[in-house]
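Below are the chains, spelled out letter by letter.
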Amino acid sequence: MFNGFKNIYNKIKNLNKSIDDYKDESVVQSLPTVAYVNRAKKYIEQKKYQEAKKVLQSALDISQQDYLVYKYLGRIYENEQNFKNAIENYERVILLNPNDKDIYLRYGMVSLYSDKLDQALESFEKANKLTPNNTDVYTGWGMAYMKKKKYALARDKFVLAAQINKYNFTAILLSAVMETRIGEYASAQDKLRFLIKVAPNESSNYEYSKLMLLQEHYDEAIEYANKSIAINNKMLPAYCILGEVYSIKNNSENTHEVFQTALDNGLESSLLYFEWGKACIRLFDFALAEEKFNKALEQENDNLDAKIGLALVCAYKNDFNLLNELKERNQNNVYIQEATGLFYMHEQRYADAVDMFKKAVKTDKNQTYNYYNMAKSYIALNDKTKVKEYFDKFIEINPLYLKGLVDYSRWLIEVSDYEEAQRKLRRAEKLSPSDLCVLNLLFFVSYTLVKNNVCEYNIKEAISIANRAIDLGHFEYTPQKQELEDLLKNLPESI
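Residues numbered from 1 in each chain as written. Predicted model: local features only at pLDDT ≥ 70, side-chain atom pairs only at ≥ 80, totals over all residues. Heavy atoms only, no water.

Novice: Any chance you could explain the overall build of the chain here in plain terms?
Specialist: Of regular secondary structure, the chain possesses 28 helices and 0 strands. Relative to a compact globule of 495 residues, whose C-alpha radius of gyration would be 23 Å, the chain shows 32 Å and is clearly more extended. If one aligns the C-alpha atoms of the chain with their principal axes, the spans along those axes are about 120 × 45 × 35 Å. A separation threshold of at least 6 residues defines the contact pool for the chain, and within that pool the share at least 24 residues apart is 53%. Side-chain charges of the chain comprise 66 positive and 69 negative groups, with the mean position of each set lying 5 Å from the other. (Helix = DSSP H or I, 4+ residues; strand = E, 2+ residues; numbered from the N terminus. Rg over C-alpha atoms; globule rule 2.2 N^0.38 Å. Contact = heavy atoms within 4.5 Å. Lys, Arg positive; Asp, Glu negative; His and termini not counted. Charge placed at Lys NZ, Arg CZ, Asp CG, Glu CD.)

Novice: Which parts of the structure should I look at to understand the packing of aromatic side chains?
Specialist: The description of two aromatic rings rests on the distance between their centres and on the angle between their planes. Enumeration over the complete set of coordinates arrives at 32 aromatic pairs. Pairing phenylalanine 284 with phenylalanine 394 gives two aromatic rings, centres 5.6 Å apart and planes at 35°, and the pair type is tilted. In this pair, phenylalanine 284 is assigned in the loop between α16 (270-282) and α17 (286-299) and phenylalanine 394 in helix α23 (residues 384-397), connecting sequence segments 110 residues apart. Its relative accessible area of 0% is what places phenylalanine 394 among the buried residues. The rings of Phe284, Phe286, Tyr316, Tyr369, Tyr372, Phe391, Phe394, Tyr401, Tyr408 and Trp411 are connected pair by pair, giving a single aromatic cluster. For the cation-ring pair, lysine 157 lies above tryptophan 141, with the distance from its terminal atom to the ring centre recorded as 3.8 Å. Sitting above the plane of the phenylalanine 343 ring, lysine 327 keeps its charged end 5.4 Å from the centroid. (Phe/Tyr/Trp six-rings, centres within 6.5 Å; stacked < 30°, edge-to-face > 60°. Buried < 20%, exposed > 50% of the residue type's maximum accessible area, 1.4 Å probe, protein only. Lys NZ or Arg CZ within 6 Å of the ring centre and 35° of its normal.)

Novice: Just to check I follow, could you spell out helix α11 (residues 185-198) for this structure?
Specialist: Two residues of an α-helix separated by three or four positions point the same way, owing to the 3.6 residues in each turn. Between its first and last C-alpha, α11 extends 20 Å over 14 residues, near the 20 Å set by a 1.5 Å rise per residue. Taken together, the buried positions of α11 are Ala188, Gln189, Leu192, Leu195 and Ile196. Along the axis of α11, the buried positions cluster into a sector of 130°, meaning they face one direction only. Every exposed residue of α11 that faces more than 90 degrees away from the buried side is listed here: Ala186, Asp190 and Lys197. Looking at the buried positions of α11, the neighbouring elements they touch are α10 (169-181), α12 (202-214) and α13 (218-231). (Expected span 1.5 Å × (residues − 1). Arc of directions from axis to C-beta.)

Novice: What am I meant to see in helix α2 (residues 34-45) here?
Specialist: Counted at 1.5 Å a residue, the expected span for α2 with its 12 residues is 16 Å, and the 17 Å between its end C-alpha atoms agrees. Those residues of α2 not exposed but buried are Val34, Val37, Ala40, Lys41 and Ile44. Buried residues of α2 fall within an arc of 120° about the axis and therefore sit on the same side. As for α2, its buried residues are in contact with α3 (49-62) and α4 (67-79). Phi for lysine 47, located one or two positions after α2, is positive at around 60°.

Novice: I'm lost on the confidence of the model for the chain in this one. Help?
Specialist: Low pLDDT means the predicted atomic positions in that stretch should not be read closely. Of the residues in the chain, 93% reach a pLDDT of 70 or more, and the chain-wide mean stands at 92. Low pLDDT (under 50) marks residues 1-30, which in the prediction has 70 contacts with non-local residues, meaning those over four places away or in another chain. (pLDDT = per-residue confidence, 0-100.)

Novice: Even after reading the chapter, I still don't get the packing of helix α26 (residues 436-452) against helix α27 (residues 456-472), so can you show me in this structure?
Specialist: If you want to describe how two helices pack, look at the angle between their axes and the distance between the axes. In contact at an axis separation of 9 Å, α26 and α27 are set at 155° when each is read in the N-to-C sense. Between α26 and α27, the crossing angle belongs to the class labelled roughly antiparallel. Between α26 and α27 lies a crossing of left-handed hand. Contacts between α26 and α27 involve Leu436, Leu439, Asn440, Leu442, Phe443, Ser446 and Val450 from the first element and Asn458, Ile459, Ala462, Ile465, Ala466, Arg468, Ala469 and Leu472 from the second. (Axes fitted to C-alpha atoms, helices over the stretch in contact; angles between N-to-C directions. Parallel < 35°, antiparallel > 145°, perpendicular 65-115°, else oblique. Left-handed = near helix turned anticlockwise from the far one by under 90°.)

Novice: Would you take a moment to explain the pattern of salt bridges for this structure?
Specialist: Opposite charge on two side chains allows them to pair when their charged atoms are near. Scanning the entire structure with this criterion turns up 29 salt bridges. Close ionic contact of aspartate 118 with lysine 148 constitutes a salt bridge, the shortest N to O distance being 3.0 Å. Linking aspartate 118 in helix α7 (residues 117-130) with lysine 148 in the loop between α8 (135-147) and α9 (151-164), this pair joins segments that are 30 residues apart in sequence. Close ionic contact of lysine 403 with aspartate 407 constitutes a salt bridge, the shortest N to O distance being 2.9 Å. Of the two residues, lysine 403 and aspartate 407 both sit in helix α24 (residues 402-414), 4 residues apart, roughly one turn of that helix. On the basis of relative accessibility, which here comes to 39%, the residue lysine 403 falls in the partly exposed class. For aspartate 407, a relative accessible area of 14% translates into the label buried. Where salt bridges share partners, they join Lys71, Asp100 and Asp102 into one cluster. (Salt bridge = Lys/Arg side-chain N within 4 Å of Asp/Glu carboxyl O.)

Novice: I'm lost on unusual backbone geometry in this one. Help?
Specialist: The phi angle of most residues is negative, glycine excepted, and most peptide bonds adopt the trans form. For glutamate 216, which is not glycine, the phi dihedral falls at a positive 65°. A residue is classified by how much of its surface remains accessible, and glutamate 216, at 38% relative accessible area, is partly exposed. One non-glycine residue, asparagine 250, lies in the positive phi region at around 60°. The topology assignment puts asparagine 250 in the loop between α14 (236-248) and α15 (252-264). Asparagine 250 gets classed as partly exposed once you look at its relative accessible area, which sits at 28%.

Novice: How should the environment of asparagine 332 be read in this particular structure?
Specialist: Its place among the elements puts asparagine 332 in the loop between α19 (321-326) and α20 (334-346). Distance in space between the C-alpha atoms of asparagine 332 and tryptophan 276 is 21 Å, their sequence separation being 56 residues. Not counting chain neighbours up to four residues away, the residues in contact with asparagine 332 comprise Gln337 and Thr363.

Novice: Looking at this structure, how should I read the packing of helix α22 (residues 369-380) against α23?
Specialist: Where α22 meets α23, the axes come as close as 8 Å, and the angle between the chain directions of the two elements is 160°. The angle between α22 and α23 falls in the class roughly antiparallel. Crossing geometry of α22 relative to α23 is assigned as left-handed. Taken together, the residues of α23 that come into contact with α22 (itself represented by Tyr369, Tyr371, Tyr372, Met374, Ala375, Lys376, Tyr378 and Ile379) are Lys386, Val387, Tyr390, Phe391, Lys393, Phe394 and Ile397. Partitioning the contact of α22 with α23 into residue classes produces 12 nonpolar, no polar and 3 charged. (Nonpolar A, V, L, I, M, F, W, Y, C, P; charged D, E, K, R; others polar.)

Okay, here's the thing in C-alpha cells:
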C-alpha cells in the first residue's frame with residue numbers, strides 16, 4: 001500500500017477522535033499529589049506539555065506511588081509522540097493500578113505506534129476484559145492485526161468496532177481497506193460508497209479510487225483520485241493512482257503531468273519518483289524510468305523497490321549485475337522475473353526466457369512488454385504460431401507503440417508474409433507519417449507485392465511512398481523504385 005502501509009496508516013490513525021478523547025478520572029482526594037495532578041491536567045488541556053511535566057515531576061518528589069502521575073506523564077509523552085517514555089510510564093501505572101479503566105487501551109496504542117505488535121495485541125485483549133464493547137479498543141486491536149498483515153482478523157475487529165459505534169468512521173474505513181486486501185470487493189465497495197457520501201475525506205475517496213483501479217474501472221479510479229486531491233492536494237497516494245491509471249491507458253502526457261503536479265505541490269519523495277519510474281516502464285520509456293529510479297535512490301538510498309526497478313532497466317541494457325544481487329530474495333517480484341527472462345534471452349536460453357516472461361505476466365498483466373519479449377523469444381525458437389500470437393497480443397494492448405508494429409512487420413517480411421506486413425506498416429504509417437524506417441519498409445513490401453500482382457494503382461502508390469522518403473532525406477531502395485518506374489512506363493494499357 002504505497003511504501004508499505006505507512007503513509008495511509010499515518011493518515012487514518014487520527015480520523016477517529018474517540019481513540020484519543022480525554023477521560024476524566026475519579027481522583028482520590030486524600031492523595032497528597034492530587035493538587036499537582038489537577039494542575040497538570042489543566043496544562044494538558046491547554047497543550048502546555050512542558051509546564052504539565054514540571055508539575056508532575058514535582059508530584060513525584062512528594063510520592064512515587066500515585067499512578068495518576070505516571071498516567072498523565074504517559075499521556076504527555078504520547079501526545080509528543082515520545083512513545084518509549086509513554087510506554088515506561090504506562091507500565092508503572094499497570095504495576096500500581098492494574099485495574100485502571102483505560103490504561104490498557106493507551107498502553108496498547110503506544111505499543112502499536114512503536115511497532116511492538118504482540119505487546120499491543122495483549123494489551124487490547126486485557127482492555128476488552130476491563131471495558132468490554134469499547135469501540136476504541138476494537139479499533140486499536142484491529143490496527144495491530146493490520147500491521148501484522150493479518151487482514152481477516154483485523155477486518156473482524158473493525159467490524160465489531162463499527163457495530164458498537166456506527167459513527168466510528170475510522171473503523172468502517174479500515175474494515176473496507178481490509179476487505180479490499182482479502183479480495184472481498186463487494187463489501188468494501190458498499191462501505192466506501194457509504195463513507196464518501198456521509199463522511200467524505202481524502203482517505204475514503206482515495207481508497208475508493210484504489211478499489212476501482214483493482215477492478216479495472218479506470219475512469220472511476222481517476223474521478224475519485226481527483227476528488228481525494230481536491231480535498232487535500234498533499235495526498236501523494238492519490239497522485240500515484242492517477243499516474244498508474246494513465247500509464248495503463250497509454251496516456252503519456254497525462255501520466256507525466258500528474259507526477260509533475262505532485263512535485264510542484266511539494267511532494268518530492270522516494271515514493272513519488274519510484275511510482276513515476278514504474279509508470280515510465282509501462283510506457284516503455286526505459287531511459288526515463290532509469291532516471292526516476294535513480295532519483296528515488298537519491299531520496300532514500302536503501303529503497304529496495306527502486307533498486308529492483310533499476311535492475312530491470314539495466315537488464316534491458318544487458319547489464320545484469322544488480323539483478324544478480326537482488327534476484328535470490330525477490331523472486332516473486334514482477335520486475336525481477338522480467339529481468340531474469342531478459343538474462344535468459346541474453347544467454348540464448350529462449351525456452352527458459354519464455355517461461356519466465358509468462359510467470360511475469362501472471363504476476364502483473366499490466367507489464368505488457370513481456371508479450372513483446374515472448375514474441376522475440378519465439379522468433380529464436382522458430383515457432384511462427386507463437387510469434388504471431390504474442391505480437392498480436394502486444395499490439396492489441398499497445399496499438400500506439402510504433403516499435404512493436406515495426407518489429408512485427410520486420411519479422412513478417414522475414415517469413416515472406418508481405419500482405420500482413422503491409423497491413424501492420426500502414427498502421428505504423430498512420431501513427432508516424434514521416435518515419436523513414438516505416439516508409440522504407442512500406443515501400444519494400446509494396447514493391448514486392450506489386451511484382452507478384454502488377455497493378456497501375458499499386459505501382460503508383462509504391463512510387464509515391466518512395467518519393468516521400470526521398471523528400472525526407474533517406475531512401476534505401478533506389479534500384480527497385482527505378483524498376484517500378486520502368487514497369488509503369490511499359491505497362492500495357494489493358495492492365
